[in-house]
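# Structural features, examined
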Amino acid sequence: MDRFVKGSNDYSSNDTSFGSSDVLMVKPKNGFWTVGKLNGKSKDSQEAIDSRLFVGNLPAAGVSLNKFAQAFAKFGVVLDASLHNRFGFIQFDCPEVARRASEEMNGLLFEGSRVDVNVASERRKKRQAGDILSSGMKKIPRKQVSDCLVIICSRDIRGYSDAILHRLKELGMICDSLFWTESMPLTNIISDVTKDGVLYAVVLTEKSTSDKTINLHVLQGRNPKDFRDVPINDCFDLLERDFKKAQMVRSQIPGY
């Protein structure tokens, strides 16, 4: 993995745009910054959680990981950073630095977007408090977002669609399905579920049935993609790998 060591002026990867001498970072090859040990403590320790920032409302066009981390490096030692679509995390080495960075960065413009910066543990408490009604103190169950929407383009392929739904659920996905009609533009449906946070849309047609293929739309992440007429087994191999990554990302979201 690439490593930039505190006190060094050289970043060991080919990317020389990151060159702060007061930052310690470890970057794995898959492009994600992983939260490791914090002063000998686990990433799940209260000190580590209180030293972690959630940064929301990042630019829709995306931002480089180095630039994102560099924006917070002026406050103290950045141990880890990660970017996931329009939000990210910054891991400092102590809670005091994280709190100061949150207070100074929250609401500021970053690459043209006004960011929402909170200490991760405090943001979780706020979200939990928001689930409580002021009258009766009744907790509101949070709506569970589906992982995958299966769009069925013909009622004649119900058997095929049921088999696909069964395999998706075997991967541990929460699935919804709907029968598509021409009165519902497919692009509008996919756009709506993307905004809801659904990870995948699977479109099944009569051609899919005869060819034993799937049309797959990967909706979230920095680079959403469409895969047309993918053989079933290849599609499920791709889904299994991608869904595991998505679950790892979700596990870092406070209160998810």
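Fair warning: this is a prediction, and the values are worked out from it, not measured in the lab.

A separate point is the environment of N118. If you trace the backbone, N118 turns up in strand β8 (residues 116–119). Residue N118 is classed as buried on the basis of its relative accessible area, which comes to 11%. Between the C-alpha atom of N118 and that of N106, which follows or precedes it by twelve residues, the distance is 7.1 Å. At 2.8 Å, the side chain of N118 and the side chain of D116 are in polar contact.

The contact between helix α5 (residues 158–170) and helix α8 (residues 232–251) brings their axes to 11 Å, and the two run at 30°. Taken together, the axis directions place α5 and α8 in an arrangement best described as roughly parallel. Seen along the crossing, α5 lies across α8 with a hand that is right-handed. Where α5 approaches α8, its residues Y160, I164, R167 and L168 are matched on the opposing element by I232, N233, F236 and L239. Residue classes in the contact of α5 with α8 are distributed as six nonpolar, one polar and one charged.

Moving on, we come to the packing of aromatic side chains. Tallied over the entire structure, the rule returns five aromatic pairs. Each ring, one from F54 and one from F89, has its centre 5.7 Å from the other, and the planes form 70°; the classification is edge-to-face. Here F54, found in strand β3 (residues 52–56), pairs with F89, found in strand β5 (residues 87–92); they are 35 residues apart in sequence, far enough to count as distant. In terms of burial, F54 and F89 fall into one category: buried. Through a chain of ring-to-ring contacts, three or more aromatic side chains come together here, namely F54, F87 and F89. It is R155 that lies over the ring of F179; its NZ or CZ is 4.1 Å from the centre. Sitting above the plane of the F236 ring, R167 keeps its charged end 4.2 Å from the centroid.

This brings us to the pattern of salt bridges. Applying the stated rule across the entire model yields six salt bridges. Of the charged contacts, one joins K244 and E240 as a salt bridge, the two residues approaching to 3.9 Å between their closest N and O atoms. Of this pair, K244 and E240 both sit in helix α8, separated by four residues, roughly a single helical turn. On the basis of relative accessible area, E240 is assigned to the partly exposed category, the value being 37%. Residues joined in a network through salt bridges with shared partners are K207, D211 and D229.

Conventions we followed
- Residues numbered from 1 in each chain as written.
- Predicted model: local features only at pLDDT ≥ 70, side-chain atom pairs only at ≥ 80, totals over all residues.
- Heavy atoms only, no water.
- Helix = DSSP H or I, 4+ residues; strand = E, 2+ residues; numbered from the N terminus.
- Buried < 20%, exposed > 50% of the residue type's maximum accessible area, 1.4 Å probe, protein only.
- Polar contact = N/O pair within 3.5 Å; in protein donor to acceptor, adjacent residues only side chain to side chain.
- Axes fitted to C-alpha atoms, helices over the stretch in contact; angles between N-to-C directions.
- Parallel < 35°, antiparallel > 145°, perpendicular 65-115°, else oblique.
- Left-handed = near helix turned anticlockwise from the far one by under 90°.
- Contact = heavy atoms within 4.5 Å.
- Nonpolar A, V, L, I, M, F, W, Y, C, P; charged D, E, K, R; others polar.
- Phe/Tyr/Trp six-rings, centres within 6.5 Å; stacked < 30°, edge-to-face > 60°.
- Lys NZ or Arg CZ within 6 Å of the ring centre and 35° of its normal.
- Salt bridge = Lys/Arg side-chain N within 4 Å of Asp/Glu carboxyl O.

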